[in-house]
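Take a look at the letters that make up each chain.
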Amino acid sequence: MELHLNAWQTYFDNEGHLIDEYKLRKTSFHHSISSDTRKEAWPFLLGLWERDSSEVQRHHSADLLSQQYVSLRNGWINAEAQLFDEEMKQSIKTIDKDVRRTERNHPFYAEEGCPGLRMLRRVLITLSVYDQELAYVQGMNELCAPILLTLQDESLTFWCFVKLLPMLRSRLLTLDISPQLSATADLVQYFDLELYQHVEKLTAGHWLFCFRWYLLLFKNEFKMEDILKLWDVMFSQHNTAHFEIFVGTAIILMHKEQVLACGTSDQLLHFAQSVTAKLAVDTVITYSRDLSLKLCSTEGLSDNLAALVKQVDKVPPPLVGFVRRKQCFKSAYSGRLNMNDDLIRYLPHVLYTNCCKVVIYGS
């Protein structure tokens, strides 16, 4: 059963205020979202829009966000290339290389120099200016592409991707997936001790065969249409803020015999890289959802397991964007965020300081 646009509209009153965010997130968790509805749903699920905003206020906020995005984008577009610092030049070079090989089998990105690829490039370069602590890390093109495909809007894609970054920041900056790997081991141990002991023996406690799954939120493990369905559930954050851990655990448990047949860590890695191409995403989602619901209904869990299904606060954690004091290029553009009074008034509780650290409390 899909959440279609007609049903989506019933979650709002006559002025466009969201009536029940909990119900919306619960529905997104239990049911897939139709493609025409996803464009409306993801900005809510990612916390871009305030839960109590009206339709008029959201339109106004979208206009202000667009102005802010265009200002950031034009800052680097209008700058002379020779004035870019070396870090900026390298980021653009890497982005150009990665964009050219992003989702080229999908119609939206298929043709060389097509609008989809051009928009993706502009979003990623603007992000590297906006958040110079993170700048650009390879793989961000893969994570951004489904959002742009869904929203079909450059500005909204940029700001929704920015909203997603707190979840991704540490793993992109340091390639540290150890929290996700440890949580996966804990879940497998809880649900199947035999399987856990076998994997522990092969990996010496380092479940690195799952690394690629978590680095890119399974983006390269499923075809585009399927990853959109998976992200619907992930973004809902209804029953857990760590749904990707349940997905990884589900894949391992669903293939117990294949995992037990692995005799080396290399064979485990081959399993992880090949198995997802054969999976039906609806089956994986259902299995993952059932695992999280079972864990949520169990009393006396260890602290590690209980943290995976801790009831998610309706207010997502603060979104922190850093803009370094140094200029990314030697021009009048300083890299600072110049937020006008209207932007501060209509966006969700925007605070900013002269140290160029911007904290946006989500909705």
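Our structure is the block above this text.
Residues numbered from 1 in each chain as written. Predicted model: local features only at pLDDT ≥ 70, side-chain atom pairs only at ≥ 80, totals over all residues. Heavy atoms only, no water.

Q: Please clarify how the side chain of Thr102 should be interpreted in this entry.
A: Mapped onto the elements of the fold, Thr102 is located in the loop between α5 (86–99) and α6 (115–130). Overall, the relative accessible area of 0% leaves Thr102 in the buried class. Polar side-chain contacts of Thr102 include one of 2.7 Å to the backbone oxygen of Asp98. One polar contact links Thr102 to Asn141, side chain to side chain, over a distance of 2.8 Å. With sequence-adjacent residues up to four places away left out, Thr102 is seen in contact with Tyr109, Leu117, Leu120, Asn141 and Ala145. (Helix = DSSP H or I, 4+ residues; strand = E, 2+ residues; numbered from the N terminus. Buried < 20%, exposed > 50% of the residue type's maximum accessible area, 1.4 Å probe, protein only. Polar contact = N/O pair within 3.5 Å; in protein donor to acceptor, adjacent residues only side chain to side chain. Contact = heavy atoms within 4.5 Å.)

Q: For this particular structure, what's the right way to read the nonpolar core?
A: A general tendency of soluble globular proteins is for nonpolar side chains to be buried together. If you look at the biggest cluster of nonpolar residues, it comprises 110 residues, and the most contacted ones within it are Leu230 and Trp231. Per-element accounting of this core gives the leading share, ten residues, to helix α8 (residues 154–174). Excluding anything up to four places from it in sequence, Leu230 contacts Phe218, Phe222, Phe243, Val247, Val281 and Ile285. (Core = buried A, V, L, I, M, F, W, Y, C linked by side-chain atoms within 4.5 Å.)

Q: Where do I start with α6 in this structure?
A: Turn by turn, an α-helix covers 3.6 residues, leaving residues three or four places apart pointing in a common direction. With 16 residues, α6 should cover 22 Å at 1.5 Å per step; its first-to-last C-alpha distance of 22 Å lies within 8% of that length. Of all 16 residues in α6, twelve are buried, a share of seventy percent or more. For α6, the complete set of buried residues consists of Gly116, Leu117, Met119, Leu120, Val123, Leu124, Ile125, Thr126, Leu127, Ser128, Val129 and Tyr130. (Expected span 1.5 Å × (residues − 1).)

Q: Is there a simple way to explain unusual backbone geometry in this structure?
A: Most peptide bonds take the trans configuration, and most residues that are not glycine carry a negative phi. Not every positive phi belongs to a glycine, and Glu103 is a case in point at roughly 45°. Its location among the elements puts Glu103 in the loop between α5 and α6.

Q: How should a negative patch on the surface be read in this particular structure?
A: Negative charge collects at one region of the surface, where Glu2, Asp36, Glu40 and Glu55 lie side by side. Note that Glu2 resides in strand β1 (residues 2–3). (Patch = residues over 30% accessible without salt bridge, like charges linked within 9 Å, V, L, I, M, F, W, Y side chains within 5 Å. Areas by Shrake-Rupley, 256 points an atom, 1.4 Å probe, with all protein chains shown as cover. Salt bridge = Lys/Arg side-chain N within 4 Å of Asp/Glu carboxyl O. Lys, Arg positive; Asp, Glu negative; His and termini not counted. Charge placed at Lys NZ, Arg CZ, Asp CG, Glu CD.)

Q: Which parts of the structure should I look at to understand the pattern of salt bridges?
A: Oppositely charged side chains may form a pair once their charged atoms are brought near each other. Following the criterion strictly, the structure yields 18 salt bridges and no others. In this structure, Glu112 and Arg104 form a salt bridge, with 3.3 Å as the shortest nitrogen-oxygen distance. Judged by relative accessible area, which is 58%, Glu112 ranks as exposed. Because the salt bridges share partners, they merge into one network encompassing Glu21, Arg25 and Arg51.

Q: Help me understand helix α2 (residues 21–30), please; the structure alone is not making it clear to me.
A: Inspection of α2 places Glu21, Leu24, Arg25, Thr27, Ser28 and Phe29 among the buried residues, and these make up the whole buried set. For α2, the capping residue at the N-terminal end is Asp20, with a side-chain oxygen 3.1 Å from the backbone nitrogen of Tyr22.

Q: Hey, could you run me through the packing of aromatic side chains in this one?
A: What describes a pair of aromatic rings is the distance from one ring centre to the other and the angle between the planes of the rings. All chains considered together, the criterion is met by 18 aromatic pairs. Three or more aromatic residues link up through ring pairs in this structure, and these residues are Tyr196, Trp207, Phe209, Trp213, Tyr214 and Phe218. The ring of Phe29 is capped by Arg289, whose NZ or CZ atom sits 5.8 Å from the centre of that ring. (Phe/Tyr/Trp six-rings, centres within 6.5 Å; stacked < 30°, edge-to-face > 60°. Lys NZ or Arg CZ within 6 Å of the ring centre and 35° of its normal.)

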